[in-house]
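One letter stands for each residue in the lines below.
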Amino acid sequence: MLTTVLMAVGLAGSASGADTPFVRSSSGRLVLQGVPFLFTGMNLWNANANLGPPQYCGSPAGLSAAGDEFGPGVRAVRLWFFQRLATTPEGMRDWSAFDATVHAAAAHNLRIIAVLGNQWADCEGYASAADGYRTRDWYRDGYRRNRPPGQPDTYRDWVRAVVERYRDDPTIMMWQLVNEPEDADSLGGSCSPDAAEVLRAFTRDVGRQVKDLDARHLLGMGTTGSGQCGTSGGDYVQLNADPSIDVADYHDYALDVLPGDQWNGLATRAHEMVQLGKPLIIGEMGVVPDQVGGFQQRASLITSKLHADYELGVQGALLWAWRPASAGGSSSAGYDIGPGDPVLDRLAALAP
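(A) Spatial organisation of the sheet that holds strand β3 (residues 35–36). Strand order in the open sheet formed by three strands is β1-β2-β3, with antiparallel pairing between adjacent strands. Two strands lie at the open edges of the sheet, namely β1 (24–26) and β3, each paired on one side alone. Pairing between strand β2 (residues 29–32) and β3: two bridges, direction antiparallel. Each residue of the ladder has a partner; that of Leu32, found in β3, is Val35.

Right, here's the structure in full:
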């Protein structure tokens, strides 16, 4: 049981944040109303994808139905809150999908990690992967100047709009600025010498804007964490040391229980964040069943990963990714997890 792990890492008995319904950070740990909030969860990236043509973000996967099928082991969900998904094909703002998702999360006692933009073209309305890739120039000033195709706001103005709308709702657990940020010169291109500096400047600017508007929600950058341009080695620590950043992130698609090397591996990142005094979460964790011998073997490996992560002080992990039965459910050849997957029983057994 995770209760045992909580005691082992010294979380039990925390009194921080007892007077607020918002998830808080205290001494490198997550707490909710005075008790530890050590969570498992699911990525449901296309929960808001019910506006416009399907090519905007694939087939919609509503959170209301998914919440009925997750089971008690899913306490948080990570979702795309991209501008494209709150914009009609005519270029008008429409919050209905987001409002319905937040309502469904509250009804199922789920907390949302809302990702405000994408490093990649997916779900952002671009014609090609190269067009949608966030380059160094975008992180330097494009996020202030450029409006994505068919969308009314720049990224910076979009962040203001969405944070202002939901800043009083504790269903939102955390904002993440970008999914998997890196700032190469182009998709697959070189990493400039000032890449880390540019990324830190972006984070200072947008992070300060978020915190000026909303002091109660946690904020994360959304990094992959394993050595990407602008976040490699010690640059990862410097980025997450920004005063506006509350929670660090790592993405794990390895078959090793603890992925990575001594410079950018998960164990190193966990140690660094303990020293920095900020929580670390696994924003994405994915295993392909066919690569490990089947669905039961995947569930066993993920369980081993979670135990090892929590022993390091990791505060939560979200699996990639939910796919409803109507879209095919669990996939033996991919990362998809659907109703009845053995990993859901493992998550329920781990719940404190």
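(B) Summary view of the pairing of strand β9 (residues 248–252). Of all five residues making up β9, five are buried, and the element is well covered by its neighbours. With burial as the criterion, each face of β9 is covered, one bearing Ala248, Tyr250 and Asp252 and the other bearing Asp249 and His251. By the bridge criterion, five bridges tie β9 to strand β10 (residues 280–285) in an arrangement that is parallel. Opposite Asp252, over in β10, you have Met285 as the bridge partner. Read from β9 through helix α9 (residues 266–276) to β10, the crossover connection turns out right-handed.

(C) Region of the structure containing the nonpolar core. Judged by nonpolar contacts, the single largest core of 79 residues is most densely connected at Phe81, Phe98, Tyr155, Val162, Trp175 and Phe202. Once you skip the residues sitting within four places of it in the chain, Val162 turns out to touch Phe81, Trp95, Phe98, Leu116 and Trp175. In this structure, Leu32, Ile113, Met174 and Ile281 belong to the second largest nonpolar core, which totals 13 residues.

Conventions and cut-offs
Residues numbered from 1 in each chain as written. Predicted model: local features only at pLDDT ≥ 70, side-chain atom pairs only at ≥ 80, totals over all residues. Heavy atoms only, no water. Pairing = 2+ DSSP bridges. Helix = DSSP H or I, 4+ residues; strand = E, 2+ residues; numbered from the N terminus. Buried < 20%, exposed > 50% of the residue type's maximum accessible area, 1.4 Å probe, protein only. Right-handed = clockwise from strand over helix to strand, strands pointing away. Core = buried A, V, L, I, M, F, W, Y, C linked by side-chain atoms within 4.5 Å. Contact = heavy atoms within 4.5 Å.

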